[in-house]
Structures are given as structure tokens and as C-alpha cells.
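A closer look at the structure
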Amino acid sequence: MNSAGNTLITEEAIRSRVNELGAEIARDYAGGRPVLVGVLNGALVFMADLMRAIDLPLEYYAVAASSYAGTESTGSVEIIKPLDADVSGRDVIVVEDIVDTGITLDRLLQDLRAAQPASIAVCTLLNKPSRRVVDVSIKYVGFEIPNEFVVGYGLDYNQQYRNLPYVATLAPEQDGQHRQDG
Ligand code: IMP
């Protein structure tokens, strides 16, 4: 059976918050045409729902990053798939599944800034502020969560559980040192 530990955020709570975020983004960018940049693999599910909740013309692209992390992050980030679009002069919204240490996002933002967009904002479904080692500015946060390893709604543990429609904590014996692919 495909299940994890305890449900932390229900499917209904996610749906309603994603709709709120979409409405907020549509208000903030009214009259514009933002470019959403989703960070694979984790942000795929959130990205798919969020963009349909934004009632504006928009474009979306995907980048992919991989980081090794566990109880202690090594801080090494590899960009597996860089952005293959010209975003100079555009309003970019980076869409993340979770910001944990902030190392992945910081690296992606450095690359994006070099592309000289008009603006960059970050929208993350989940935020774990207690784990932060790099200060990153996040404009839109779905949910602040405690320092627990979570899966579901795109987030994985060893590539499992991404298809759960809710966010759950992982049973403690399943957590540990492991590879996290964006
Ligand atoms: P960072 O530590 O902020 O660089 O996060 C790196 C990546 O680790 C995130 O984009 C996620 O893909 C993954 N990650 C961090 N915390 C969790 C978690 O609790 N569950 C699943 N993946 C996570």
C-alpha cells in the first residue's frame, strides 16, 4: 500500500491554500504575464495545480536540481536541467515544493539573476524555516511546517510517495541519510 506516516496537511487544505496563492499571485501581477519556473521533480504537482489557479496569461518552464541532504545537508547542488528560456526583462516566479536549508533555492536564484529578469519572486508550497542555513527571500508560502521530513504532493523519500494527494510525515525509522532529487 502506498502510504506514509501521519497526514500533516490534508488534500482539502492544500487545494484551498493553492487557490488562495493563485488568487494572490493573479492580483499582484494583474495586467502582466509572469513566467513560472518550477523546480523538478518535487514542484511538479504543486506547479500543475498552482498555474491553473492563476487567472492570468502566463508561461511556465521547468528546471531541475539535485542535492544531497539528510539530517545534515552537504550543501552541494547540481543543476541537472538549466532554464532553457530567455527571461530577461520578465517577471519570474520560482515555484518550489519546499524550502529547507535554502541552499538549492539560493543556487537557482543566482543563476536566474544572471538572466536579468525584471523581477524574481519565490512561491513555495512548504517552508521549514527552522532548518535554514542560507537567507532566501520568499514572497509566497503555502504552509510553514516544523522540522520533520515530509512526503506527498510531489515530495519524495527515495523517489517514493510523490503521488500521495496529501502531505504526510515519514515514519521515523524510514528517515535518514538519503539523496533528495529536487
Ligand atoms: P534545501 O535544503 O532547501 O536546499 O532543499 C533541497 C531539496 O530537498 C528540496 O527542494 C526538496 O526536494 C528536498 N527536501 C527538503 N526537505 C524535504 C522533506 O521534508 N521531504 C522531501 N524532500 C525534502
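Structure shown above.
Residues numbered from 1 in each chain as written. Predicted model: local features only at pLDDT ≥ 70, side-chain atom pairs only at ≥ 80, totals over all residues. Heavy atoms only, no water.

1. Focus on the overall build of the chain
On a plain count of helices and strands, the chain comes out with 3 helices and 10 strands. As presented, the chain carries roughly 8700 Å² of accessible surface, and 48% of it is formed by carbon and sulfur atoms. (Helix = DSSP H or I, 4+ residues; strand = E, 2+ residues; numbered from the N terminus. Areas by Shrake-Rupley, 256 points an atom, 1.4 Å probe, with all protein chains shown as cover.)

2. Focus on unusual backbone geometry
Note that the residue after Leu40, namely Asn41, is joined by a cis bond; omega there is 0°. If you trace the backbone, Asn41 turns up in the loop between β2 (35-40) and α2 (44-52). In the Ramachandran plot, Tyr153 falls in the positive-phi region, its phi being about 50° despite a non-glycine side chain. With respect to the secondary-structure elements, Tyr153 resides in the loop between β8 (150-151) and β9 (167-169). Phi is positive for Tyr161, which is not a glycine, with a value near 75°. Relative to the helices and strands, Tyr161 is located in the loop between β8 and β9. The class of Tyr161 is buried, set by a relative accessible area of 8%. (Buried < 20%, exposed > 50% of the residue type's maximum accessible area, 1.4 Å probe, protein only.)

3. Comments concerning the pattern of salt bridges
All told, the structure shown has 11 salt bridges when counted by the stated rule. Note that Glu59 is salt-bridged to Arg33, the shortest N-O span being 2.3 Å. Of this pair, Glu59 sits in strand β3 (residues 59-69) while Arg33 sits in the loop between α1 (11-28) and β2; the two residues are 26 residues apart in sequence, bridging distant segments of the chain. Sharing partners across several salt bridges, the network here consists of Arg33, Glu59 and Arg90. (Salt bridge = Lys/Arg side-chain N within 4 Å of Asp/Glu carboxyl O.)

4. Examining the pairing of β2
In terms of burial, β2 is largely enclosed, as 5 of its 6 residues are buried. Across 4 bridges, the pairing between β2 and strand β5 (residues 91-99) is parallel. Following the sheet pairing, Val37 is matched in β5 by Val94. (Pairing = 2+ DSSP bridges.)

5. Description of the packing of aromatic side chains
Each pair of aromatic rings is reported with the distance of its centres and the angle of its planes. In total, this model carries 1 aromatic pair according to the counting rule given. Pairing Phe149 with Tyr157 gives two aromatic rings, centres 6.2 Å apart and planes at 80°, and the pair type is edge-to-face. (Phe/Tyr/Trp six-rings, centres within 6.5 Å; stacked < 30°, edge-to-face > 60°.)

6. Here's the deal with the sheet that holds β8
The strand order β1-β9-β8 describes an open sheet built from 3 strands, whose pairing is antiparallel. Looking along the sheet, the strands with just one partner apiece sit at the ends: β1 (7-9) and β8. Sheet topology places β8 next to β9; 2 bridges connect them, and they run antiparallel. In the sheet register, Val151 faces β9, and the bridge partner there is Ala168.

7. Observations concerning the environment of Arg107
Along the chain, Arg107 turns up in helix α3 (residues 103-114). Arg107 sits in the partly exposed class, given a relative accessible area of 29%. A C-alpha to C-alpha distance of 9.3 Å links Arg107 and Ala65, two positions 42 residues apart in sequence. Among all residues touching Arg107, those that are not within four sequence positions of it are Val77 and Ile79. At a separation of 3.4 Å, a polar atom in the side chain of Arg107 contacts the main-chain carbonyl oxygen of Val77. (Contact = heavy atoms within 4.5 Å. Polar contact = N/O pair within 3.5 Å; in protein donor to acceptor, adjacent residues only side chain to side chain.)

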